[in-house]
Each structure stands twice: as C-alpha cells, then as structure tokens.
Amino acid sequence: MIAVMGDACLSFREKEGGVFDCEVSGYGYRVARALAEKGAFPALFSPIGDDKAGTIIVERLVEDEILFDPDIVRLPFKSNIEIRYADGTVSDFFQYSSSALLSSEALQAALSVHTNIKAVHLSGRSLCYNPTSTSFIDQALFISPRPFLLVDLNGSPSSQVLSRSIKSILPYSDLFITGEGDVFPEVMEGGRLVLILRKDSVDVLRKGEAVFSVPLEGKTAGDEFSASILFYLERSGFLPPDGEDIVDYELDDGFIEEMIKAV
C-alpha cells in the first residue's frame, strides 16, 4: 500500500458571472486520486473536519476508492476550504483548519492498523504548519518495515516551518521531487536523489551533483508526476511484498531513466 500523507480540501472556483464550481481538491488528494486511477491502492491520511465540507470530501474518497481512516476525518475542527477567484487570487484557510491540526497520537492510531505500507508520499504543502508537519514526519519515520520515502515539494509555499521540516526529513528521504521554481538549497545540495520537474524535461541530481536529464514529451503536473513515479516503483517490483523490507533503497541511473520515460 502507498500512504499519502497530505491535504484534502473543498475548492470553490469562480466562473463567468460570479458563479462558483465546487470540487474536492488538495495536493495530497490529487496524488491519491491519480494513484487510484492508475490501479494502485493508496490510503490518504488527511486530517478532515467533522462538518459539511468534510462529509463531501469523505464521500468523494469513497467514490474514488481511496482508503482513509475514519477517526482523522472526523476531527472537531473545520475542514479546509479554498476559494479561487476569476482574477487569479486565492483565499485558502489551510492554516486555520483541520488540515494543520493533526496530532501525532491521532496519526499513530490511524497508521497502527496498517502493516503493509510500502511507500510514503509527503508533500511540502502539508509540512508547512505544525502540529501536522511534525506528526507526519515523526510517524512516517516510525513505520516498520521502513517504507520508501518520497518528499514532494512541487508548488510548496515558503515558510520557516517547511524549512525546518526539510532539514529534519532530509537524512531519511529516499527521493525528493521539486518543480523548477521550487528551489530549496538544502535539498539541492544534500538530497540523496532529487528529480527537478521542468516544462519539457526532468533533471536528476545526487547529493548536489547533476547526473543527467531526461526529456518529457508533454507538460506534466507535479501531483500527476509524483503519482506516476510511485506507481512505477510499485508496478516494477521495486517495492517489496507486504511485510518485507526493501533490500536496497537506491535507484540506479538506468532504472531512473526508464521510470521517468514511463510517465
């Protein structure tokens, strides 16, 4: 199973005439949805409030066949809502919602029922605010057998908490994925393996050194790219059978090139 530790929200988008469309969104949700559409079996560990917005989000998770924990989707807080206006401005209540208020104890209880987590996806969006950031990092490192750890920094807003989170998770992360505009010096210099998603290519770095670049045929969104990478790791047999440790967490150059070409 692939565990996505991230955010889900109810998104309102302004159309012509001041009419708003409503959809379930959030970076973590979009990664989990893309994995489910590809035929994987993801679980989304996202703090969701016990309100009408939360009910709509949970109903969509059921429709999309994304696993979730019933306890952390009924938190006594408001669910995250974002409003995207026609002029491009965005009002986002992430910091003041259940998305940023997940305790380590609640997440530990949610994870304790799963013994087959092979990989964990952490997004920079969910590492921006405590206590959720600390809860995600602590519990991701507590999972046994140790899963493959992917940290996705595409579109991450800059914050002091995110910077501290990156420094904390850096020694344990197997793969970082960033966009070309999401430059984090610690990751560029010390990341074990870093993929930089550009408009028409992906740069591969190891410990601050550029290794090679792989062309992409078309523009790929960050969430879709990360989901494709995780799906390839599972489909290729790189991720181990349930309950077994990964023999080697290193991805060799040939494997990485084939993985990117498969996106």
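Residues numbered from 1 in each chain as written. Predicted model: local features only at pLDDT ≥ 70, side-chain atom pairs only at ≥ 80, totals over all residues. Heavy atoms only, no water.

S.K.: Mind showing me how you'd approach the nonpolar core here?
M.R.: Here is a general trend for soluble globular proteins: nonpolar side chains tend to be buried in one another's company. L35, F148, L195, I229, L233, L251 and M259 are the most contacted members of the largest nonpolar core, which totals 49 residues. Apart from the residues lying within four places of it in its own chain, the contact partners of I229 are L150, L175, I177, L195, M259 and V263. One finds M5, L107, A140 and L170 within the second-largest nonpolar core, a separate group that totals 34 residues. (Core = buried A, V, L, I, M, F, W, Y, C linked by side-chain atoms within 4.5 Å. Buried < 20%, exposed > 50% of the residue type's maximum accessible area, 1.4 Å probe, protein only. Contact = heavy atoms within 4.5 Å.)

S.K.: Whenever I open this one, the side chain of T178 confuses me. Can you help?
M.R.: Residue placement: T178 occurs in strand 9 (residues 175–179). Setting aside anything within four residues of it in sequence, one finds T178 in contact with L153, N154, M188, V194, L195, I196 and L197. (Helix = DSSP H or I, 4+ residues; strand = E, 2+ residues; numbered from the N terminus.)

S.K.: Mind showing me how you'd approach the pairing of strand 2 (residues 9–14) here?
M.R.: Remember that side chains alternate between the two faces of the sheet whenever the strand is regular. The pairing of strand 2 with strand 3 (residues 20–25) spans six bridges and is classified as antiparallel. Looking across to strand 3, one finds that S11 is bridged to E23. Joining the antiparallel neighbours strand 2 and strand 3 is a turn of five residues, in which G17 adopts a positive phi near 80°. Taken together, the four bridges between strand 2 and strand 5 (residues 81–84) define a ladder with parallel strand orientation. The residue of strand 5 that forms the bridge with F12 is I83. (Pairing = 2+ DSSP bridges.)

S.K.: How do you make sense of helix 2 (residues 52–63) when you look at a structure like this?
M.R.: One turn of the α-helix equals 3.6 residues, which is why residues spaced by three or four share an orientation. Across its twelve residues, helix 2 extends 17 Å between first and last C-alpha, which sits within 8% of the 16 Å expected from 1.5 Å per residue. In the core, the buried residues of helix 2 are packed alongside strand 2, strand 3, helix 1 (27–38), strand 4 (42–45) and strand 5. (Expected span 1.5 Å × (residues − 1).)

S.K.: Is there a simple way to think about the packing of helix 7 (residues 222–235) against helix 8 (residues 253–261) in this case?
M.R.: The relative placement of two packed helices is expressed as an angle between their axes plus a distance between the axes. Where helix 7 meets helix 8, the axes come as close as 9 Å, and the angle between the chain directions of the two elements is 125°. Here helix 7 lies oblique to helix 8, going by the angle between them. For the pair helix 7 and helix 8, the sense of crossing is right-handed. Counted together, I229, Y232 and L233 of helix 7 and F255, E258 and M259 of helix 8 form the full contact between these two elements. (Axes fitted to C-alpha atoms, helices over the stretch in contact; angles between N-to-C directions. Parallel < 35°, antiparallel > 145°, perpendicular 65-115°, else oblique. Left-handed = near helix turned anticlockwise from the far one by under 90°.)

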